[in-house]
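Coordinates in review
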Amino acid sequence: YKSRVKIESRTLRKEHPDQHWVNAYKRYHLEWLIETKLAQPGSVLFYGQDDKARIPVGTDIALSTNVRSRNGAIVPIGTQPTAADHDWGYASIVPSVTLRCNIPASMEGSFYGGGNDGDGKIEVVLRDAVFDGSDVFDHAAQLLETIRKEPSLPYVAVLEADGGQDHNLMFMRTWLALIAMFKKGDM
């Protein structure tokens, strides 16, 4: 019996016909952010938003494999995680992260690292994966709350996301959440 390991083709880092266009568009987008910030300091803010990996939480669960036993889990003091290698534990927490990105003075600077000018701030909301799942309306409310912590509202707020289900502009609920955020925030 012969077998081999196959990798899903969409996970490979291959050339794509639109790769140059996407990279150029991203560069123009970032250059525009820099030019706008330099022309009108405080007029533009740049945010990134995403949900991170689930963190298993709970008491002992029957162990069936040892796939990810080295990964940690949040459990009561005095107990050991026995099945952190499954997604079907008692519960899990999903960190929902909003990053206020840097807008450096030039393209050589970092957009995603911390900076001396107070940029690079991270806001994290922990959600129960079952009872408080990730939703575009929650993300919009979290972003609005983060923007309201600024000393003054910006003229432009730019959001960069991965385009997953909770940020995809193909879905009407994403449009509605963003419109509601702008109306509620008087932007």
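Residues numbered from 1 in each chain as written. Predicted model: local features only at pLDDT ≥ 70, side-chain atom pairs only at ≥ 80, totals over all residues. Heavy atoms only, no water.

Moving on, we get to the overall build of the protein chain. Across its full length, the protein chain carries three helices and five strands. Going from the N terminus to the C terminus, the protein chain shows its helices and strands as α-β-β-β-β-α-β-α. Each of the 187 residues in the protein chain was classed as buried or not, and the buried ones make up 28%. For the protein chain, restricting intrachain contacts to residue pairs at least 6 apart in sequence, the fraction spanning at least 24 positions comes to 65%. Element-wise, carbon and sulfur atoms account for 57% of the exposed surface of the protein chain, whose accessible area totals about 13,400 Å². (Helix = DSSP H or I, 4+ residues; strand = E, 2+ residues; numbered from the N terminus. Buried < 20%, exposed > 50% of the residue type's maximum accessible area, 1.4 Å probe, protein only. Contact = heavy atoms within 4.5 Å. Areas by Shrake-Rupley, 256 points an atom, 1.4 Å probe, with all protein chains shown as cover.)

So, on to the pattern of salt bridges. For the structure shown, the criterion picks out seven salt bridges. Of the charged contacts, one joins Arg 27 and Glu 31 as a salt bridge, the two residues approaching to 3.1 Å between their closest N and O atoms. Here Arg 27 pairs with Glu 31, and both are found in helix α1 (residues 19-39), just four residues apart, close to one helical turn. Using a relative accessible area of 41% as the deciding quantity, one classes Arg 27 as partly exposed. Residues Glu 150 and Arg 100 are paired through a salt bridge, measuring 3.2 Å at the closest nitrogen-oxygen approach. (Salt bridge = Lys/Arg side-chain N within 4 Å of Asp/Glu carboxyl O.)

Once that is clear, we can look at the nonpolar core. Leu 30, Leu 33, Ile 34, Val 44, Phe 46, Leu 99, Cys 101, Ile 103, Phe 111 and Val 158 together form the largest nonpolar core, which totals ten residues. Secondary-structure elements contributing two or more residues to this core are α1, β1 (44-51) and β3 (91-101). It is α1 that contributes the most residues to this core, three residues altogether. Those residues in contact with Phe 46 that lie beyond four places of it in its chain are His 29, Leu 30, Leu 33, Leu 99, Arg 100, Cys 101, Asn 102, Ile 103, Phe 111, Tyr 112, Val 158 and Glu 160. (Core = buried A, V, L, I, M, F, W, Y, C linked by side-chain atoms within 4.5 Å.)

This part takes up the confidence of the model for the protein chain. Looking at the protein chain, pLDDT values average 77 and 72% of them are 70 or higher. Low pLDDT, under 50, characterises residues 61-69; the predicted model gives this stretch 19 contacts beyond four residues in sequence or across chains. (pLDDT = per-residue confidence, 0-100.)

Structurally, the position occupied by Val 124 is in strand β4 (residues 122-128). Between the alpha carbons of Val 124 and Asp 51 there is a distance of 9.5 Å; along the sequence they are 73 residues apart. In this structure Val 124 touches Pro 95, Ser 96 and Val 97, once residues within four positions along its chain are discounted.

With that settled, the discussion passes to the side chain of Glu 150. Position of Glu 150 relative to the elements: it lies in the loop between α2 (136-148) and β5 (156-161). Beyond its immediate stretch of four places on either side in the chain, Glu 150 contacts Leu 45, Tyr 47 and Arg 100.

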